[in-house]
Amino acid sequence: MSRITELDVNGARRRMDADADRTLLSVLRDDLDLTGAKYGCGEGQCAACTVLVDGQATKSCLTKVGSVAGKRIVTIEGLAQNGKLHPVQEAFLEADALQCGYCTPGMIMGAVSLLRRTPNPTDVEIVRGMNGHICRCGTYPRIVSAIQAAAKKGGRS
Amino acid sequence: MISRRDFFGVLGGGIVVVLIADDCDAQESGGGARRGTREATPETIGAWLHIGENGLVSVFTGKVEVGQNARTSLTQAVAEELHAPLAGIKMVMGDTALTPFDMGTVGSMTTPRMWPQMRKAAAAAREMLIDLATQKWSVDRASVSIADGKVTSASHTATFGELTHGEKLTRTIPGTLALTPATEWKVAGTSAPKVDGRDIVTGAHQYAYDMKRPGMLWAKVLYPPQFGATLLSLDAKAAEAMPGVKVVCDGNFVGVAAPDQAAAAAAVMALKAQWKPLTAETSAKDVAAYFRKNARDGAAPAAPLTTYNIAYIAHVPLEPRAAVAEWEDGKLTVWTGSQRPFGVRSELASSFEIPEDRVRVIVPDTGSGYGGKHQGDAAYEAARIAKAVGKPVKRNWTREEELTWAYFRPGGVIDVGGKLNPDGTIAEWEMHNYNSGPSGLQTPYHVPSKKEQYHQTKSPLRQGSYRGLAATANHFVRESYMDELAHSVNLDPLEFRLRNARDERLRAVIEAAAARFGWKERKKTAGRGFGIAGGFEKGSYVATCAEVSVDNATRAVKVLRAVVSFECGGIVNPEHLRNQVEGAVAMGIGGALFEHIDFADNKILTNRLSKYRLPRFADMPVIESVLLDRKDITPAGAGETPIVGIAPAVGNAIFDATGQRLRALPLAP
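Values in this document were obtained by computation on a predicted structure and should not be read as measured data.

1. A word on the overall build of chain A
So, step 1. Assigned secondary structure in chain A consists of five helices and five strands.
So, step 2. Traced from its N-terminal end to its C-terminal end, chain A shows the element sequence β-β-α-β-β-β-α-α-α-α.
So, step 3. The principal-axis extent of the C-alpha atoms belonging to chain A is close to 45 × 30 × 25 Å.
So, step 4. Classification of the 157 residues of chain A by burial places 60% in the buried group.

2. Digging into the overall build of chain B
So, step 1. Each helix and strand counted, chain B has 16 helices and 28 strands in total.
So, step 2. Evaluated residue by residue, chain B yields a buried proportion of 56% over its 669 residues.
So, step 3. Sequence-distant contacts, at least 24 apart, represent 78% of the contacts inside chain B between residues at least 6 apart.

3. Here's the deal with the domain arrangement of chain A
All names here are of chain A.
So, step 1. On domain assignment, one finds that chain A holds domain 1 (3–78) and domain 2 (87–152).
So, step 2. Of note, the centres of domain 1 and domain 2, computed from C-alpha atoms alone, are 21 Å apart.
So, step 3. Contacts between the two partners involve 15 residues from domain 1 and, on the opposite side, 13 residues from domain 2.
So, step 4. Here the element with the most residues in the side of domain 1 that touches domain 2 is strand E3 (residues 50–53); it accounts for three residues.

4. Digging into the sheet that holds strand E16 (residues 331–336) of chain B
Residues and elements named next belong to chain B.
So, step 1. Strands sit in the order E11-E12-E9-E18-E15-E16-E17 across an open sheet of seven strands; the sheet is mixed. The sheet is open, and its two edges are formed by strand E11 (246–250) and strand E17 (359–362), each paired on a single side. Taking the axes of each pair of neighbouring strands and ignoring which way they run, one obtains an average angle of 20° across the sheet.
So, step 2. Sheet analysis places strand E15 (residues 322–328) next to E16, joined by six bridges and oriented antiparallel. Across the sheet, residue Trp327 finds its bridge partner in E16, namely Leu332.
So, step 3. Here helix H7 (residues 261–270) sits on the sheet in contact with strand E9 (217–221) and strand E12 (253–258), set at roughly 145° to E12.
So, step 4. Each of E16 and E17 is contacted by helix H9 (residues 341–352), which is oriented at about 145° to E17, the strand it contacts most.

5. Brief notes about the interface of chain A and chain B
So, step 1. Listed by partner, the interface residues are 42 residues for chain A and 43 residues for chain B.
So, step 2. A breakdown of the residues in the side of chain A that touches chain B according to their chemical character gives 21 nonpolar, 14 polar and seven charged.

6. Some details on the pairing of strand E14 (residues 306–310) of chain B
Residue and element names in this part refer to chain B.
So, step 1. In the sheet, E14 pairs with strand E19 (residues 412–420) via five bridges, with the strands oriented antiparallel. Across the sheet, residue Thr307 finds its bridge partner in E19, namely Asp415.
So, step 2. The pairing of E14 with strand E28 (residues 664–665) spans two bridges and is classified as parallel. Following the sheet pairing, Ile310 is matched in E28 by Leu665.

7. Side note on the nonpolar core
So, step 1. One finds Ala121(B), Ala125(B), Val334(B), Ala379(B), Ala382(B) and Val650(B) to be the most contacted residues of the largest nonpolar core, which totals 253 residues.
So, step 2. It is helix H3 (residues 110–137) of chain B that contributes the most residues to this core, 12 residues altogether.

8. A look at the packing of helix H3 (residues 104–117) of chain A against helix H4 (residues 123–130) of chain A
To characterise two packed helices, one gives the angle between the axes of the helices and the distance between these axes.
Residues and elements named next belong to chain A.
So, step 1. Contact pair H3 / H4: the axes reach a minimum separation of 10 Å and the direction vectors enclose 130°. Taken as axis vectors, H3 and H4 run oblique relative to one another. Taken as a pair, H3 and H4 cross one another with a handedness that is right-handed. Two secondary-structure elements touch here, H3 through Gly110, Ala111 and Leu114 and H4 through Ile126, Gly129 and Met130.

9. Some remarks on unusual backbone geometry
So, step 1. Leu665(B) connects to Pro666(B) through a cis peptide bond whose omega is 0°.
So, step 2. The residue Pro666(B) is located in the segment after E28 in this model.
So, step 3. Here Asn82(A), not a glycine, exhibits a phi torsion of approximately 50°, which is positive.
So, step 4. Structurally, Asn82(A) is set in the loop between strand E5 (72–74) and helix H2 (87–94).
So, step 5. By C-beta crowding, Asn82(A) is classed as exposed, having 4 other C-beta atoms within 10 Å.
So, step 6. Even without being a glycine, Leu469(B) presents a positive backbone phi close to 50°.
So, step 7. For Leu469(B), a count of 26 C-beta atoms within 10 Å puts it in the buried group.

10. Considerations on the domain arrangement of chain B
Residues and elements named next belong to chain B.
So, step 1. Segmentation of chain B into domains returns domain 1 (4–201), domain 2 (211–277 + 319–405) and domain 3 (412–458 + 467–665).
So, step 2. Each of domain 1 and domain 3 has a C-alpha centre, and these two points are 37 Å apart.
So, step 3. Residue-level contacts link 19 residues of domain 1 with 19 residues of domain 3.
So, step 4. For the side of domain 1 that touches domain 3, the secondary structure elements donating two or more residues are helix H2 (70–82) and H3.
So, step 5. When residues of the side of domain 1 that touches domain 3 are assigned to their parent elements, the largest contribution, four residues, is made by H3.
So, step 6. Looking at the side of domain 1 that touches domain 3, its residues break down into six nonpolar, 12 polar and one charged.

11. Examining H7(B)
For an α-helix the count is 3.6 residues per turn, leaving residues at separations of three or four pointing the same way.
So, step 1. Of all the residues in H7(B), the buried ones are Gln261(B), Ala263(B), Ala264(B), Ala267(B) and Val268(B). Buried residues of H7(B), viewed axially, fall in a sector of 165°; they line one side.
So, step 2. In this structure, the buried residues of H7(B) make contact with helix H1 (24–31) of chain A together with E9, helix H6 (237–240) and E12 of chain B.

12. Looking at the confidence of the model for chain B
Residues and elements named next belong to chain B.
So, step 1. Chain-level pLDDT for chain B is 93 on average; 96% of the residues reach the 70-or-more range.
So, step 2. A low-confidence stretch, residues 23–42 stays under pLDDT 50, and its non-local contacts, those more than four residues away or across chains, total 48 contacts.
So, step 3. Our summary of model confidence lists the complex with pTM equal to 0.95 and ipTM equal to 0.98.

13. Brief notes about the environment of Glu90(A)
So, step 1. Along the chain, Glu90(A) falls in helix H2.
So, step 2. Separated by 59 residues in the primary sequence, Glu90(A) and Ala149(A) place their C-alpha atoms 9.5 Å from one another.

14. Some words on the packing of helix H15 (residues 574–593) of chain B against helix H16 (residues 646–658) of chain B
Residues and elements named next belong to chain B.
So, step 1. At a minimum axis separation of 8 Å, H15 and H16 run at an interaxial angle of 55°. For the element pair H15 / H16, the angle class is oblique. Crossing geometry of H15 relative to H16 is assigned as right-handed. For the pair H15 and H16, the contacting residues are Val585, Gly588, Ile589, Gly591, Ala592 and Leu593 in the first and Ile646, Ala647 and Val650 in the second.

Quick notes on the rules
Residues numbered from 1 in each chain as written. Chains lettered and ligands numbered in written order. Predicted model: local features only at pLDDT ≥ 70, side-chain atom pairs only at ≥ 80, totals over all residues. Helix = DSSP H or I, 4+ residues; strand = E, 2+ residues; numbered from the N terminus. Buried ≥ 20, exposed ≤ 12 C-beta atoms within 10 Å, placed from the backbone. Contact = placed C-beta atoms within 7 Å. Domains from an automatic or database assignment. Pairing = 2+ DSSP bridges. Axes fitted to C-alpha atoms, helices over the stretch in contact; angles between N-to-C directions. Nonpolar A, V, L, I, M, F, W, Y, C, P; charged D, E, K, R; others polar. Core = buried A, V, L, I, M, F, W, Y, C linked by C-beta atoms within 7 Å. Parallel < 35°, antiparallel > 145°, perpendicular 65-115°, else oblique. Left-handed = near helix turned anticlockwise from the far one by under 90°. Arc of directions from axis to C-beta. pLDDT = per-residue confidence, 0-100.

Here is the structure:
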């Protein structure tokens, strides 16, 4: 069985010894203690597990860790730089775009990826781009507002 | 719970205020206990507050944070009366070793009960600080004031820490202390931001699902293939041969512990179990007849009433049930996501036959509950397996387990009927609810002659509390039928409601929603419809207007716009209230249009998110909220009631669009 011994996570090389068939979500959470990416369904229906792989929003619960070796992985823990929040993180706080917050890390990573593809999205583009994410508390309209606000502030950074 | 003599040993020096709750009442709960449970006798302490020698204010409450922003609103309550900045106040919540007993974060009780208690405790602490300053400075007490966390009198000034340094003072106060009137609030009533928001947007917050303990094992439980099945035999040899795997079997309970999650799952797969099935008594298709047949008091005659049906639905908290359990010297500590930390403590103490003071339950801020996290299932499983293997154990439920083995919002059958006077006022009203529950069953409209009855019956599924309890089902039926009555005499649905609503607060929300929505100016076009609904529950009033489109070919319903007006007395945090009200509408669209639990042969068929449709971004209407701030009325909770209006408003709008009256949740034209 092939093993993965190193991953590029949040700009650092992280050592581990994991079966290549394991999910990226499990390796991040259980081996690397990066618990910001959440388990919500295990079948790609809720996107709470979203991380960036080479800049693309990726559902880590459906991603085998063997497929991301050598790729740049960014989790919610790696988004703020030197204690300064990413504009999308700030926008979520300012729009109060969360309640229990369990979906929030995945939402933010999804939004960051969306804004990289579409820097000035329409509401329709946000809804289409984010529709795979579930917020059970129902803060969807606020999340759309937060993404719009982040876009206006140059949310790509 | 800390003994009152131990305060300073545990918390350090300073001052402590102990608040005696002025009343303790029973609150609704849920989940149909799987195991025998018994609540401890409620203590009379409502909350306590400590100001340390470093000036940090710590406030202890048994309430928990599940996304309703109680952590923020309670912090505001303390800041308001203590005249201290929010950043200097730390809420310690839901830890049975540190916080006073609490029945649970249920029934929208945090704001009406705990919120004023926090204010009273803070007001008493403020007076203690003024006393200390008066003594230390030998000044006239009236000259001492507190603002922004500083105590001053003429040329004297001190931080809280400077005053509490070297002190060990306690004061016990009754719950009847006078408080700052709402019209003079400075911090309460404002849109303070979520106090722990940064931890959430950075991924730093650890939910129970995320928690780890040194040396812990991962647990998994083998559930029967069907509800009610009993274990005939178990062959665990293959599983026990796996490295590091231990199998725990006791009666019907079969669990494993393994070094990691994958190994635990593999071990459960390797178990060979034989189960004796239980014959299913009913299924989702015929459960309505089952409810009637099993009514304890005998079913009332359905004719000439009109029958509505309500599906079972699931809470689907995005964080599934999770727990970490650790035994040390016969003492059990459990970290778990729950709305009832003390209830879970009772369950554990009773299950393991140990005194409650040997069980500590700690609830990290939780990935939502909506009434669905009252029981300690994951906590019990983790503790049981941890006890058997002698190591800390983590038990995280999968979504499939959550959708199958948690409890549901009850399904139900509701019969309703009414007679009108010639002037369009209601003369008689009758409503019978089978199984879904009594909450919200009483009409808020003026009716001279009425009969409203909840009939207990048998539920084929495990059922319990849900956001708003049965108020959603009862409001759906009542407000749909109000529409039926209005149309039967060609009265506008708004006009009909106002003709029958005498309660000024109800009238106010209905009028506010209609005005913002533009009800009177609405223009009907093909495939579009408008609906309105109002109601009252748990001390607050709601009215909802909805506009829908119904696709002529596919019959797909889209809610285009929803206006909800809400009044819960004085508003304690407008932005967070708006968030709750809008979120309730968003969540309510699921139960209105597509959520339902399908079951047959004692199996849940909708056991994955791919089979259980939840509201998503694309389902969202434009949601507008109109908040009515009644500072003259004691604040009520707001996490539940805003959900009750959307389903009937949408159903009435579908009728307006299609002429088809839908008498079942979910609404499927």
